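# Fold and contact review
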Amino acid sequence: MRLAYLYSRYPVISQTFCDTEMLALERLGFSIEIGSIHPPLVSLRHEHAARLKAPIYYAPPQHILRIREKQAKADGSWPAELVGQHVQKYGRVFKAAQRARNALYFADLFVRHRIEHCHVHFANRAAHTGLFLKKMTGITFSVSAHGQDFMVDLGNDELLREIFSEAEFVATETDYSIKLLQERCPESADKIHRVYNGMDLSSIFPGERKGSPGSTTILSVGRLVPFKGFEVLIEACAELDRRKLAFRCEIVGDGPLREKLEAAILHHRLGTRVQLCGSLSQESVFAKMQECDIFALASVTDENGASDVFPTVILEAMAVARPVVSTRLAGIPESVVDGSTGLLVPPGDSPALADALDKLVRDSAMRSSFGVAGR
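Residues numbered from 1 in each chain as written. Predicted model: local features only at pLDDT ≥ 70, side-chain atom pairs only at ≥ 80, totals over all residues. Heavy atoms only, no water.

Cis geometry is found at the peptide bond from Tyr 10 to Pro 11, where omega equals -10°. Inspection of the secondary structure puts Pro 11 in the loop between strand 1 (2-9) and helix 1 (16-27). Although it is not a glycine, Arg 114 sits at a positive phi angle of roughly 60°. Relative to the assigned elements, Arg 114 resides in the loop between helix 4 (96-112) and strand 4 (117-121). (Helix = DSSP H or I, 4+ residues; strand = E, 2+ residues; numbered from the N terminus.)

Here's what the structure looks like:
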């Protein structure tokens with residue numbers, strides 16, 4: 001079977017689970033092509049991307065696709081009725097004509113390349129395009145729904161229900177997500193399946209801690225956005241500093257909150273304790289994990305209702321045999337066993353987060369036990 005993957009934007013450095021999945025399919029002998037509506041925003045590439053054989057095709061800019069739209073209207077291949085239905089049902093804000101233009105490009109490409117099925121990561125505008133693609137060509141599609149995509153980004157449960165109704169199947173990462181999706185899309189409940197993100201353990205090795213002696217290193221990784229909870233982590237680090245514990249905290253990632261987090265570090269006088277490391281490649285992130293003692297992710301729900309659901313970086317830390325401190329949020333308790341592979345605290349509770357980190361900073365035997373159990 002010839003498969004295509006369709007993304008709104010590819011690659012995105014925080015979405016390593018997409019690459020892991022495609023690499024696994026290629027190892028199983030599948031031929032894959034990648035379609036992306038938008039080009040990447042940054043030049044950083046993870047090292048594993050070089051192992052992907054799949055070619056990547058980017059949709060042209062909209063002003064080019066409008067020329068193709070005129071041609072399609074002239075030759076009768078423009079889906080005027082479908083566009084009209086979606087404008088009427090969902091309003092112009094959902095850009096049905098733009099979805100059709102993108103679908104027209106990928107329809108030409110995928111038909112020429114004899115693609116039989118298209119999988120879409122994220123129930124967002126790419127999934128909307130996948131629906132148009134099926135209507136225009138008959139090429140089936142499926143969807144991986146993650147969290148923020150269907151909770152916030154798509155913005156319309158009726159459209160979500162239509163996408164799921166047309167999809168061959170829907171994969172989601174957690175039992176938590178299955179419940180949410182089945183409540184929103186009850187007519188498609190039997191086609192929604194939980195598929196945990198996996199790790200290729202053949203290329204990830206546990207190792208002895210390589211950090212500096214005499215101080216405990218806490219590592220956190222993620223986009224600098226509100227629902228990652230980095231402000232809460234910095235507040236917890238301020239409490240650890242007041243307790244005179246020997247520690248340092250490294251935060252890997254970049255995003256819109258960088259200046260605000262820098263100000264918080266300055267406010268709490270944590271310049272020698274907390275470092276913002278910026279975005280790093282996956283190989284460099286794994287090196288940081290080998291050097292750390294504790295992995296922490298203080299996930300919360302933001303004001304728009306978005307949150308982490310099943311952070312892949314937690315699995316990566318567990319694969320490197322590092323204890324995890326995180327929050328009882330969404331699907332995180334499905335990966336971290338509280339008191340066995342790590343410690344979980346209420347979201348947004350910086351004193352509780354500080355207490356959990358304190359326990360692990362003081363107890364190297366507990367760190368080692370949790371790390372081994374996590375692996």
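Back to the text.
Judged by pairing direction, the sheet is parallel, and its 6 strands sit side by side in the order 10-9-8-11-12-13 without closing on themselves. Whereas interior strands pair on both sides, the edge strands pair on one side only; in this sheet they are strand 10 (274-278) and strand 13 (342-345). Adjacent strand axes in the sheet meet at a mean angle of 20°, parallel and antiparallel pairs treated alike. Against the sheet, helix 9 (residues 230-242) engages strand 8 (216-221), strand 9 (247-252), strand 10 and strand 11 (294-296), with an angle of about 170° to strand 9. Packed onto the sheet, helix 13 (residues 350-362) meets strand 8, strand 11, strand 12 (324-327) and strand 13 and runs at close to 165° relative to strand 13. (Pairing = 2+ DSSP bridges. Axes fitted to C-alpha atoms, helices over the stretch in contact; angles between N-to-C directions. Contact = heavy atoms within 4.5 Å.)

We now examine a nonpolar patch on the surface. Together, Met 1, Leu 28 and Phe 30 make up a nonpolar patch on the protein surface, roughly 330 Å² of accessible area in all. Secondary-structure assignment places Phe 30 in the loop between helix 1 and strand 2 (31-38). By relative accessible area, Phe 30 is classed as partly exposed at 31%. (Patch = residues over 30% accessible without salt bridge, like charges linked within 9 Å, V, L, I, M, F, W, Y side chains within 5 Å. Areas by Shrake-Rupley, 256 points an atom, 1.4 Å probe, with all protein chains shown as cover. Salt bridge = Lys/Arg side-chain N within 4 Å of Asp/Glu carboxyl O. Buried < 20%, exposed > 50% of the residue type's maximum accessible area, 1.4 Å probe, protein only.)

Let us look at the packing of aromatic side chains. The full count for this structure, using the stated rule, is 7 aromatic pairs. On the basis of an interplanar angle of 25° and a centroid distance of 5.1 Å, the ring pair of Tyr 196 and Phe 310 is categorised as stacked. Remark: Phe 310 occurs in the loop between strand 11 and helix 12 (312-319) and Tyr 196 occurs in the loop between strand 7 (192-194) and strand 8; sequence separation between them is 114 residues. Residue Tyr 196 is classed as partly exposed on the basis of its relative accessible area of 32%. Judged by its relative accessible area of 6%, Phe 310 falls in the buried class. Ring pairing ties together the aromatic residues Tyr 5, Tyr 7 and Tyr 10, which thus form one cluster. (Phe/Tyr/Trp six-rings, centres within 6.5 Å; stacked < 30°, edge-to-face > 60°.)

Side chains that are nonpolar tend, in soluble globular proteins, to be buried together. Phe 110, Ile 163 and Phe 164 are the most contacted members of the largest nonpolar core, which totals 48 residues. Examining the composition of this core, we find that 8 residues originate from one element, helix 4, more than from any other. Filtering out sequence-adjacent residues up to four positions away, Phe 110 remains in contact with Ala 4, Ile 115, Cys 118, Leu 133 and Ile 139. Among the nonpolar cores identified, the runner-up in size contains 36 residues, and Phe 230, Leu 261, Val 345 and Val 361 belong to it. (Core = buried A, V, L, I, M, F, W, Y, C linked by side-chain atoms within 4.5 Å.)

Let us now look at empty space enclosed by the protein. A full pass over the atoms with the stated rule returns 1 cavity of 30 Å³ or more. Here the largest cavity defines a volume of roughly 50 Å³. For the largest cavity, the full set of lining residues is Tyr 10, Pro 11, Val 12, Ile 13, Asp 19, Leu 44, Arg 45, His 46 and Ala 49. Tallied by class, the residues present in the lining of the largest cavity amount to 6 nonpolar, 1 polar and 2 charged. (1 Å grid on protein atoms, 1.4 Å probe; cavity = no way out; pocket = protein on both sides within 12 Å on 5 of 7 lines; lining within 4 Å. Points joined across faces, edges and corners; volume = space filled by probe spheres on them. Nonpolar A, V, L, I, M, F, W, Y, C, P; charged D, E, K, R; others polar.)

Here the structure, examined in full by the defined rule, presents 23 salt bridges. Its salt-bridge partner being Arg 273, residue Asp 241 comes within 2.9 Å of it at the nearest N-O pair. On the criterion of sequence distance, the pair formed by Asp 241 in helix 9 and Arg 273 in the loop between helix 10 (258-267) and strand 10 is long-range, its members being 32 residues apart. The shortest N-O distance in the salt bridge between Glu 262 and Arg 258 comes to 3.2 Å. Highlighted residues: Glu 262 and Arg 258, both in helix 10, separated by 4 residues, approximately one helical turn. A relative accessible area of 24% places Arg 258 in the partly exposed class. Residues participating in the shared-partner salt-bridge network are Glu 239, Arg 242, Arg 243, Asp 355, Asp 358 and Arg 362.

On to the sheet that holds strand 1. Taken together, 7 strands build an open sheet; the order of strands is 3-2-1-4-5-6-7 and the sheet is parallel. Across the chains shown, the open sheet's two edge strands, defined by having one partner strand only, are strand 3 (56-58) and strand 7. If you compare each strand with its neighbour and ignore which way they point, the axes differ by 25° on average. In the sheet, strand 4 pairs with strand 5 (residues 140-145) via 5 bridges, with the strands oriented parallel. Counted as the bridge partner of His 119 is Ser 142 from strand 5. The sheet strands contacting helix 7 (residues 157-166) are strand 5, strand 6 (170-172) and strand 7, and the helix crosses strand 5 at an angle near 130°.

Turning our attention to the pairing of strand 1. Buried residues dominate strand 1, accounting for 6 of its 8 residues. Alignment of strand 1 against strand 2, held across 7 bridges, turns out to be parallel. Bridge pairing in strand 2 links Tyr 5 to Ile 34. For the crossover that starts at strand 1, traverses helix 1 and ends in the parallel strand 2, the hand is right-handed. (Right-handed = clockwise from strand over helix to strand, strands pointing away.)

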